[in-house]
Amino acid sequence: MERYLCDVLVTMDGPAGDVPVPIPDGMVDVGDDGRIVWCGPAADAPEAGADVTTHTTGILMPSLINAHCHTPMVLLRGAGEGLPVDRWLHEVMWPRESKLTPGDVRAGMLLGAAEMLANGIGASVEMYFAGQAMAEAAEQAGMRCLVTPGVIEDPDFTLTGPWPDQIDEMVALRDRWAASDLIDVGMAAHAAYSVSRECLTAIAERAADAGMPVHIHLAEQQWEDAAVRERSGGLAAPEYLESLGLFDGDAIAAHGVWLTPDDIEVLARTDTAVVHCPCSNAKHASGVAPVTEMQTAGLRLAIGTDGPASHHRLDLFEEMRTAIRTARIRSGDAQTFGPAEALRMTTAGAAEVIGRADELGRLAPGCWADMMALSPSEPALHPVVASEDDLLSRIVWSGSPGAISAVWVAGRKVVDHGRVLTLDVAEAIDEAQTRARRLAE
Ligand SMILES: [Zn+2]
């Protein structure tokens, strides 16, 4: 058993709306199976047995969950800069992605996983092609991943075969990885405007049969509404997807920028989770998602970086801050949407979004030991005036990947003082470099 003594323990345990109280001089015990055995104030901890190895850390907290990403797009990072999303997809992304091999996807996922782990992200939700390559790379990196291979139907996108075959492959992939502790598999459709009614219906039916979550982009750009209404006989995207059964099971909708109160009502009554991607939405000038309205409606909410081609960085500290800033610009109220809410959306709230609330996103007995430690000597986290300290604010406003001293996934240490322990990062950069150049030709 491993025992972690820390200056402050942030468990993120507790229901939405509660602000978790940090525990000074905390302790976490992790069993050999990678799960937390005990967690709380060190003074209350059980006696250490002979087999216990003790470690000391600064601020110990759950590692972060990136709830919407297309990580292998690191190979396309920087391409199509400045284009609006529709031109960026049709003129740059989809033509290049049509040249991708499984080896490219694997190389992109490995480099992106190294970046995410170093940034304190222990789990991601991925919508991308070549699901087997994605899963293998995530497993190699020692990272937790919900892989959701996605269907796109567009003349500019020619990588994948017919969608019925793709749906069969998603179910087969889920079965292949069923025994893995790190890899889960769901289904994805790119969006209501880019996938046919027949395909969306088939995905809804197969996902329900197989008990797999469905991941989809929703209302990212203002122009999508007219395109969806033309296909749907006049329905807005949420009502259309509900009518096709896509929200019957576990559904994860990314972006949710252009949602009306009626749309939010549809998401609330179908218990559809939304992943807020504030940096991507800002970079593409997509708009500012109504995050506080979605909170008020009781939606399960998380935060995602989106793909590294949409928004260069895979850094949830930056996302949390951008989420707060944009929500406050939208409301004109500095009390809107605080750091504790943003931090919940990258930890316990994100675990609820992916249906893993019982074992991820919190530090509590029975949960996986997916944790990170922030260094007590990080300058940006100081000074601390005890009488007025708000630790969660300090973590969100002043924290950064540079403050991270260690990251663990399922109890296994994967990052030590910025160094990723699970793979050769220099080799991953070289590999990605060669492949990115070929795709750009
Ligand atoms: Zn996306």
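Trainee: Give a detailed account of the sheet that holds strand β7 (residues 144–148), specifying residues and quantitative values.
Mentor: Strand order in this open sheet of four strands is β5-β6-β7-β9, and the pairing throughout is parallel. Either end of the sheet is taken by a strand with one partner, and the two such strands are β5 (64–69) and β9 (183–185). Ignoring which end each strand starts from, the neighbouring axes of this sheet average 15° apart. Summarising the sheet, β7 and β9 pair through three bridges and their orientation is parallel. Bridge pairing in β9 places V147 opposite V185. Here helix α2 (residues 102–118) sits on the sheet and contacts β5, β6 (121–127) and β7; the angle it forms with β6, its principal contact strand, is near 140°. Contacting β6, β7 and β9, helix α3 (residues 131–141) crosses the sheet at an angle of about 175° to β7.

Trainee: Break down the packing of α2 against helix α15 (residues 425–440) for me, citing the residues and quoting the values.
Mentor: Between α2 and α15, whose axes approach to 9 Å, the crossing angle comes to 135°. With respect to their mutual orientation, α2 and α15 come out oblique. Crossing of α2 against α15: the hand is left-handed. Of α15, the residues touching α2 (which contributes G103, D104, A107, L111 and A114) are V425, A428, I429, E431, A432, R435, R438 and L439.

Trainee: Residue-level account of the pairing of strand β16 (residues 404–409), with values.
Mentor: With six of its six residues buried, β16 lies for the most part within the structure. Bridge count between strand β15 (residues 371–374) and β16: four bridges; the pairing is antiparallel. Bridging from a neighbouring strand, M372 pairs with V407 of β16. In this sheet, strand β17 (residues 412–416) lies alongside β16 in antiparallel orientation, the contact comprising four bridges. Within the sheet, the bridge partner assigned to V407 lies in β17 and is V415. Two successive antiparallel strands, β16 and β17, enclose a turn made up of two residues, where A410 displays a positive phi of approximately 50°.

Trainee: With reference to specific residues and values, describe the domain arrangement of the protein.
Mentor: Partitioning the protein into structural domains gives domain 1 (2–62 + 359–420) and domain 2 (64–353). If you average the C-alpha positions of domain 1 and of domain 2, the two centres end up 28 Å apart. On the domain 2 side, the residues contacting the 32 residues of domain 1 number 28 residues. Between domain 1 and domain 2, the buried area comes to about 2500 Å², and carbon and sulfur atoms account for 73% of it. On the surface where domain 1 and domain 2 come into contact, there are one salt bridge. Inspection of the domain 1/domain 2 interface yields six residue pairs in polar contact (both at pLDDT 80 or more). Listed by contribution, the elements that provide at least two residues to the side of domain 1 that touches domain 2 are β4 (53–62), β15, α14 (391–398), β16 and β17. It is α14 that contributes the most residues to the side of domain 1 that touches domain 2, six residues altogether. By residue class, the composition of the side of domain 1 that touches domain 2 is 22 nonpolar, seven polar and three charged.

Trainee: So what's going on with the coordination of the zinc ion? Residues and values would help.
Mentor: On the protein side, the zinc ion has H68 (NE2), H70 (NE2), H217 (NE2) and D306 (OD) as donor atoms, found 2.1 to 2.3 Å from it. The coordination sphere of the zinc ion comprises four donor atoms, whose angles at the metal cover 88 to 171°; the geometry is irregular. Taken in chain order, the donor set of the zinc ion reads H-x1-H-x146-H-x88-D. Taken together, the residues span a long stretch of sequence, with H70 in the loop between β5 and α1 (85–97) and D306 in the loop between β14 (301–303) and α11 (316–331) at a distance of 236 residues.

What counts, and at which threshold
- Residues numbered from 1 in each chain as written.
- Predicted model: local features only at pLDDT ≥ 70, side-chain atom pairs only at ≥ 80, totals over all residues.
- Heavy atoms only, no water.
- Pairing = 2+ DSSP bridges.
- Helix = DSSP H or I, 4+ residues; strand = E, 2+ residues; numbered from the N terminus.
- Axes fitted to C-alpha atoms, helices over the stretch in contact; angles between N-to-C directions.
- Contact = heavy atoms within 4.5 Å.
- Parallel < 35°, antiparallel > 145°, perpendicular 65-115°, else oblique.
- Left-handed = near helix turned anticlockwise from the far one by under 90°.
- Buried < 20%, exposed > 50% of the residue type's maximum accessible area, 1.4 Å probe, protein only.
- Domains from an automatic or database assignment.
- Buried area = accessible area lost by both parts, 1.4 Å probe.
- Salt bridge = Lys/Arg side-chain N within 4 Å of Asp/Glu carboxyl O.
- Polar contact = N/O pair within 3.5 Å; in protein donor to acceptor, adjacent residues only side chain to side chain.
- Nonpolar A, V, L, I, M, F, W, Y, C, P; charged D, E, K, R; others polar.
- Donors = N, O, S within 2.8 Å, 3.2 Å for Na, K, Ca; no water.
- Tetrahedral: all angles 85-135°; square planar, octahedral: opposite > 155°, others 65-115°.

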